[in-house]
Amino acid sequence: MTTRPALLLVTHDAAIRDQMRWVFTSDYELFEVSDRAAALSHVRRVMPPVIILDLRLPSTDVSATERLAYLQESLQLNPNAKVIVVLDHPDRATAMAAYESGAYDVLELPVQLDVLKVILQRAMYLYNLERENRAIREQAVATEFEGLVGNSEPMQNLYSMIRRVGPTDVPVLITGESGTGKELVARALHRLSVRKEAPFIAINCGAIPETLLESELFGYEKGSFTGATQQKKGRIESAQGGTLFLDEIGDVPLNLQVKLLRFLQDHEMHRLGGRENIKVDVRVVAATNVDLQAAINGGRFREDLFYRLSVLTIPIPCLRVRGSDIPLLGNMFLMKFASAHKKLLKGFTPQAMESLRTHNWPGNVRELENRVMRAVVMAEGKYISTANLALHDSSSVEPESPTLRVARDLRERELVQWALEKANGNVSKAAVELGISRPTLYQLLARYRLRLLKRTDELENQET
Ligand SMILES: Nc1ncnc2c1ncn2[C@@H]1O[C@H](COP(=O)(O)OP(=O)(O)OP(=O)(O)O)[C@@H](O)[C@H]1O
Ligand SMILES: [Mg+2]
């Protein structure tokens, strides 16, 4: 059984109540009240997703500001509600003030019921979409593990592996494509180990020129080479007691691989130009995004070092195979960047979410993070749109535009979608944006928005 969403109708006008009761009771659980106190008590008690608020108060000496206060109070009680305000001949200034106070839409009397029906459907759709976005965000927080977000099966397996391996002292090799979170996993292992109070020292072996890598790792004594004006500890020594994270281990040149191997066997090293053997107790965690087996076969990586490093191997799955994590990660990054950029963003439009889900993500989580950061900066409305994400090559429609008519339809559809996304689903605002009347926009919606209506049904069915 589908539960009907609650609709609160606030009006002193009996004629309007009769009219709406007749039309809306089959789709909504209708609550009717005629005064302010009853309205607010219903908002508090029922938390209706949609409210139709007649702001033509019976007495004419009530100022516009006071009328708007009524709207604001309702929204304070239920900030997620979509409030449709009804006014007599609203002037532009009052309508704008109502929008600014948080109204979802402003209607002028007499209300056309078929239009109102569509507006209500869209309001419900948006309400459900926002609720879905909030749920995803709450889920992301709930499933976070040591800074890693994701609850797909591959991630659950990864978490249980980290839980088991973390507290042990064995060397670990983390493998995975670029941007999958290898460094995050290494840090998680460190935090779960007995060494967690000691340092976690990371070195990206691929980012340091070969000539400097040795002195970075092992340190040097004063005068050991031109420019060595004082003694310097290397990263290995700095990690004393803690974890040494050797990132991009596949990029270590062969001569250094020999020295690393010796250190891993003896737990002893000496600085460049030094004679003293220094004992260093560290746990080594290495990471690679290249196939080390192929490097071994090609003679670029020592097999004995590989076995030393990979007592345990933790493979990180790429984002493509972690479909259900994409909304979680997307929303988590959205909130992070929205708050950093002080933007009020509520989520992704369904189209934008769909393009996130279907993208191939060659750059994995890092690519997703960067895309969302870009989109947050570019977003104009309350939702991130497909265009903001810029995931698809827009030139793809151009080459074989069969006729002018088809090309025009395509563009028109895109523009309608863009305007709706920008106006946050508000049809009146979108119509203004497009410079067309609302009825014309409804016609265009009927022609192009089949998909949105279908999604509304899907969302409503989920409530059963
Ligand atoms: N599961 C995850 N949850 C949250 N953030 C993640 C997750 N995976 C990766 N990230 C983020 O994505 C970015 C890339 O992660 P990280 O640097 O750990 O990847 P990497 O595998 O080391 O990549 P590379 O091979 O390119 O160095 C970081 O900003 C990290 O915080
Ligand atoms: Mg890395």
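Here is what the cut-offs are and how they apply
- Residues numbered from 1 in each chain as written.
- Chains lettered and ligands numbered in written order.
- Predicted model: local features only at pLDDT ≥ 70, side-chain atom pairs only at ≥ 80, totals over all residues.
- Heavy atoms only, no water.
- Helix = DSSP H or I, 4+ residues; strand = E, 2+ residues; numbered from the N terminus.
- Buried < 20%, exposed > 50% of the residue type's maximum accessible area, 1.4 Å probe, protein only.
- Pairing = 2+ DSSP bridges.
- Axes fitted to C-alpha atoms, helices over the stretch in contact; angles between N-to-C directions.
- Contact = heavy atoms within 4.5 Å.
- Phe/Tyr/Trp six-rings, centres within 6.5 Å; stacked < 30°, edge-to-face > 60°.
- Lys NZ or Arg CZ within 6 Å of the ring centre and 35° of its normal.
- Near = heavy atom within 4 Å.
- Polar contact = N/O pair within 3.5 Å; in protein donor to acceptor, adjacent residues only side chain to side chain.
- Areas by Shrake-Rupley, 256 points an atom, 1.4 Å probe, with all protein chains shown as cover.
- Nonpolar A, V, L, I, M, F, W, Y, C, P; charged D, E, K, R; others polar.
- Domains from an automatic or database assignment.
- Parallel < 35°, antiparallel > 145°, perpendicular 65-115°, else oblique.
- Left-handed = near helix turned anticlockwise from the far one by under 90°.

Draft legend 1. Structural context of the environment of Thr 65. Looking at where Thr 65 falls in the secondary structure, it is placed in helix H3 (residues 64–77). Thr 65 sits in the exposed class, given a relative accessible area of 62%. Sequence separation between Thr 65 and Leu 260 is 195 residues, and the spatial gap between their C-alpha atoms is 74 Å.

Draft legend 2. Structural detail: the sheet that holds strand S1 (residues 6–10). Strand order in the open sheet formed by five strands is S2-S1-S3-S4-S5, and the pairing between neighbours is parallel. The sheet is open, and its two borders are formed by strand S2 (29–33) and strand S5 (105–108), each paired with just one other strand. Taken pair by pair, the neighbouring strands of this sheet meet at an average axis angle of 20 degrees, ignoring direction. When strand S3 (residues 50–54) meets strand S4 (residues 82–87), the two strands line up parallel, connected through five bridges. Residue pairing for S4: Val 50 is matched across the bridge by Lys 82. Along the sheet, helix H5 (residues 113–143) makes contact with S1, S3, S4 and S5, crossing S4 at roughly 155 degrees.

Draft legend 3. Focus on the packing of aromatic side chains. One pass over the full model with this rule turns up six aromatic pairs. Consider the rings of Phe 306 and Tyr 307, whose centres lie 5.4 Å apart with planes at 70 degrees: the pair is edge-to-face. Relative to Phe 337, the ring of Phe 333 has its centre 6.3 Å away and its plane inclined at 20 degrees; by these criteria the two rings are stacked. Of this pair, Phe 333 and Phe 337 both sit in helix H13 (residues 325–340), four residues apart, which is roughly one turn of that helix. No difference in accessibility class separates Phe 333 from Phe 337, as the two residues are buried. The side chain of Arg 36 reaches across the aromatic face of Tyr 70, ending 5.1 Å from its centre. Sitting over the ring of Tyr 99, Lys 429 keeps its end group 5.2 Å from the ring centre.

Draft legend 4. Highlighting the site of ligand 1. The environment of ligand 1 is made up of 21 residues, and the closest members are Ser 178, Gly 179, Lys 182, Arg 366 and Glu 369. Here an oxygen atom of ligand 1 and a side-chain polar atom of Ser 178 are 2.6 Å apart. Leu 184 is positioned such that a nitrogen or oxygen atom in its backbone is 3.4 Å from an oxygen atom of ligand 1. Considered on its own, ligand 1 offers 640 Å² of accessible surface; in the complex 85% of this is hidden by protein. Broken down by secondary-structure element, the contributors of at least two residues to the shell around ligand 1 are helix H7 (182–191), H13 and helix H15 (364–378). Its residues placed into classes, the shell around ligand 1 shows eight nonpolar, six polar and seven charged. A domain-level breakdown of the shell around ligand 1 finds at least three residues from each of domain 2 (153–316) and domain 3 (321–461).

Draft legend 5. Examining the pairing of S1 more closely. Most of S1 is tucked away: five of the five residues are buried. The alternating pattern of S1 places Ala 6, Leu 8 and Val 10 on one face and Leu 7 and Leu 9 on the opposite face, and all of these are buried. Inspection of the sheet shows S1 paired to S2 by five bridges, in the parallel sense. Each residue of the ladder has a partner; that of Leu 8, found in S2, is Phe 31.

Draft legend 6. A look at the packing of helix H8 (residues 210–218) against helix H10 (residues 254–266). H10 packs onto H8 with a crossing angle of 15 degrees between their chain directions and a minimal axis gap of 10 Å. Classified by the interaxial angle, the pair formed by H8 and H10 is roughly parallel. The hand of the H8/H10 crossing is right-handed. Along its contact with H8, which presents Leu 213, Glu 214, Leu 217 and Phe 218, the element H10 presents Leu 256, Lys 259 and Leu 260. In terms of residue class, the contact of H8 with H10 is built from five nonpolar, no polar and two charged.

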